[in-house]
Structure formats: C-alpha cells, structure tokens
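Close look at the chain arrangement
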Amino acid sequence: MAEEQKKIFLLGISGSPRIGSTDYIVREALNYAKTKFQDIAIEIDYFTAHKKKLNFCIHCDYCVREKKGCIHKDDMNELYPKLIKANAYIIGSPVYQGTISGQLKVIIDRTRALVAADPDVFKNKLGIAIAVGGDRVGGQESTIHTILDFYVLNGIIPVSGGFFGANLGGTIWSKDKGAIGAQEDEEGIKTVHRSVNKLIKLATKILL
C-alpha cells in the first residue's frame with residue numbers, strides 16, 4: 001500500500017460519444033505524460049463514453065440513504081473504481097452547445113454516488129480539463145470551466161496550463177475533421193502539453 005501511495009495514478013476520461021478528436025487528444029495527453037516523465041512513477045488508465053450505457057442521475061437519493069453506490073447498474077460501474085483509484089485526472093469533452101457533452105454531464109452527476117459513500121473520495125487529487133471544438137472559438141473555455149467547476153466542488157485541485165497559451169487548460173480546434181483535425185492543431189496540442197506538464201509537476205510535489 002505504501003508503494004502505491006508514491007505513484008501517480010492518472011486517469012483520462014473522454015466525454016465524447018464518438019471515437020474521434022476528443023478520444024484522440026485525451027489519449028495523446030496520457031501518452032505524453034507517460035513518455036515525457038519517464039523518471040516519475042505514473043500509471044495511466046482510460047475511460048471513454050463511447051458506446052457506454054450511462055443513465056441520467058434522477059436525484060432519487062438512493063446513494064445518500066444506502067451509501068452503497070448508485071441505484072442504476074450500468075457502465076458507470078466500470079468507471080467508479082477507476083475514479084477512486086486515480087489521484088490525478090485528465091477530463092476531455094467535445095463542445096456541445098457551448099459546454100460539455102451530455103455524456104460527460106451524466107458522468108459528473110453520477111459521481112454523487114461516490115461522494116455520498118465517502119465525502120473525501122476526491123479530496124486533494126488533481127485535474128486538468130481539455131475541450132475540443134469544431135471552431136477555433138466555439139465554446140472551449142466555457143466547456144473547460146464546467147469541468148473545473150466539477151473539480152472545485154469536489155475538492156479536486158484544478159490545474160491549468162498557465163499564462164501565455166493555456167490559461168485554463170487544453171483547447172483544441174478540430175475543424176470538425178475528427179482525430180485528424182485534432183492532430184493537425186499544433187497550437188492546441190501545445191496547450192494540452194503545457195497543462196499536462198503543470199499537472200505532473202504539481203502532482204509530484206503533492207502526491208509523491
């Protein structure tokens with residue numbers, strides 16, 4: 001157990017219902033963390049909303065009353081143990097109507113079941129946000145804000161890429177060309193890399 005506490009458990013989550021630009025860039029962020037910081041013990045994991053059955057939170061308070069998880073038995077049961085184990089997060093979403101995807105909203109809402117069972121389940125973990133838009137200025141920052149709000153509300157330390165390029169997090173312009181479009185956005189990828197750099201450097205100070 002002591003050995004596990006000295007490792008960064010980095011979980012990437014793609015909130016897209018498709019395998020495309022968001023899936024590509026979250027995986028790119030994870031791979032970058034693993035290859036850039038080879039001298040640091042980092043274990044990476046991944047979850048995608050693609051083809052997952054994710055029921056809406058219905059605020060039935062089952063999780064609060066029973067403290068046995070969520071009343072829904074769906075693919076969130078695959079994600080819950082990953083969320084618990086991880087101590088650092090990379091959450092990415094496509095921009096839908098200026099904010100996160102419906103799938104990611106469901107994921108965020110359903111984490112209530114974990115907090116109901118353990119109010120400190122997310123405390124002092126760290127996270128960055130990535131938003132992928134079909135337009136260069138198409139709601140990326142408001143999408144990132146929603147993810148960062150989730151972090152703040154749950155005691156997760158939000159991390160950005162810093163001034164001069166990645167103020168709030170990773171912003172990608174896919175030009176609606178899927179993974180190819182994300183790959184072609186060199187400036188956008190720089191914002192993701194800056195965000196990952198700050199995440200891992202801060203994680204080494206706090207977690208290791």
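See above for the structure.
Quick look at the structure, then. Remember, it's a predicted structure, so these values are computed and weren't measured experimentally.

**Structural notes on the overall build of the chain**
A count of helical and extended segments in the chain gives 8 helices and 6 strands. Each principal axis of the C-alpha distribution contributes one length, and for the chain these read about 50 × 40 × 25 Å. Residues classed as buried in the chain amount to 49% of the 208 residues present. A separation threshold of at least 6 residues defines the contact pool for the chain, and within that pool the share at least 24 residues apart is 76%. A total of about 10,300 Å² of accessible surface is found on the chain, and carbon and sulfur atoms cover 53% of it.

**A few points about the nonpolar core**
Among the nonpolar cores identified, the biggest contains 33 residues, and Ile 13, Leu 83, Tyr 89 and Ile 107 are the most heavily contacted of them. Every element with two or more residues in this core is listed here: β1 (8-14), α3 (76-85), β3 (88-94), α4 (102-110), α5 (112-117), β4 (126-133) and α6 (140-153). Tallying contributions element by element places α6 first for this core, with 5 residues. With residues up to four places along the chain from it excluded, the contact list for Tyr 89 reads Leu 10, Leu 11, Leu 83, Phe 122, Lys 125, Leu 126, Gly 127, Ile 128, Tyr 151, Ile 156 and Leu 199. Membership of the second largest hydrophobic core comes to 28 residues, among which are Ala 33, Ile 172, Val 192 and Ala 203.

**Details of the pairing of β4**
With 8 of 8 residues buried, β4 lies mostly within the body of the structure. Every second residue of β4 is oriented toward a common face, with Leu 126, Ile 128, Ile 130 and Val 132 on one face and Gly 127, Ala 129, Ala 131 and Gly 133 on the other, all of them buried.

**Focus: the pattern of salt bridges**
Inspection of every chain in the model, using the stated rule, returns 10 salt bridges. Arg 110 is the partner of Asp 74 in a salt bridge, and the nearest nitrogen-oxygen pair spans 2.8 Å. Of the two residues, Asp 74 is situated in the loop between α2 (62-66) and α3 and Arg 110 in helix α4; the sequence distance between them amounts to 36 residues. As far as the burial class goes, Asp 74 and Arg 110 line up, both buried.

**Quick notes on the pairing of strand β2 (residues 42-48)**
Here β1 pairs with β2 via 7 bridges, running parallel. Bridge pairing in β2 places Leu 11 opposite Asp 45. Regarding topology, helix α1 (residues 21-36) serves as the crossover connection from β1 to the parallel β2, and that connection is right-handed.

**A short note on α1**
Here α1 contains 16 residues, and its C-alpha end-to-end distance of 22 Å stays within 8% of the 22 Å for a straight helix at 1.5 Å per residue. Within the sequence span of α1, burial applies to Ser 21, Thr 22, Asp 23, Ile 25, Val 26, Ala 29, Leu 30, Tyr 32 and Ala 33.

**Remarks on the packing of aromatic side chains**
Applying the stated rule across the entire model yields 4 aromatic pairs. With centroids separated by 6.1 Å and ring planes inclined at 70 degrees, the aromatic side chains of Tyr 89 and Phe 122 adopt a geometry described as edge-to-face. Here Tyr 89, found in strand β3, pairs with Phe 122, found in the loop between α5 and β4; they are 33 residues apart in sequence, far enough to count as distant. A single burial state applies to Tyr 89 and to Phe 122, both of which are buried. Between Phe 163 and Phe 164, the ring centres sit 6.4 Å apart and the planes meet at 65 degrees, which makes this aromatic pair edge-to-face. Through a chain of ring-to-ring contacts, the aromatic side chains of Tyr 89, Phe 122, Phe 150 and Tyr 151 assemble into a single cluster. Across the ring face of Phe 47, the terminal group of Lys 52 is positioned such that the distance to the ring centre comes to 4.9 Å. Lying over the aromatic face of Trp 173, Lys 175 brings its terminal NZ or CZ to 4.6 Å of the ring centre.

Procedures and definitions
- Residues numbered from 1 in each chain as written.
- Predicted model: local features only at pLDDT ≥ 70, side-chain atom pairs only at ≥ 80, totals over all residues.
- Heavy atoms only, no water.
- Helix = DSSP H or I, 4+ residues; strand = E, 2+ residues; numbered from the N terminus.
- Buried < 20%, exposed > 50% of the residue type's maximum accessible area, 1.4 Å probe, protein only.
- Contact = heavy atoms within 4.5 Å.
- Areas by Shrake-Rupley, 256 points an atom, 1.4 Å probe, with all protein chains shown as cover.
- Core = buried A, V, L, I, M, F, W, Y, C linked by side-chain atoms within 4.5 Å.
- Salt bridge = Lys/Arg side-chain N within 4 Å of Asp/Glu carboxyl O.
- Pairing = 2+ DSSP bridges.
- Right-handed = clockwise from strand over helix to strand, strands pointing away.
- Expected span 1.5 Å × (residues − 1).
- Phe/Tyr/Trp six-rings, centres within 6.5 Å; stacked < 30°, edge-to-face > 60°.
- Lys NZ or Arg CZ within 6 Å of the ring centre and 35° of its normal.

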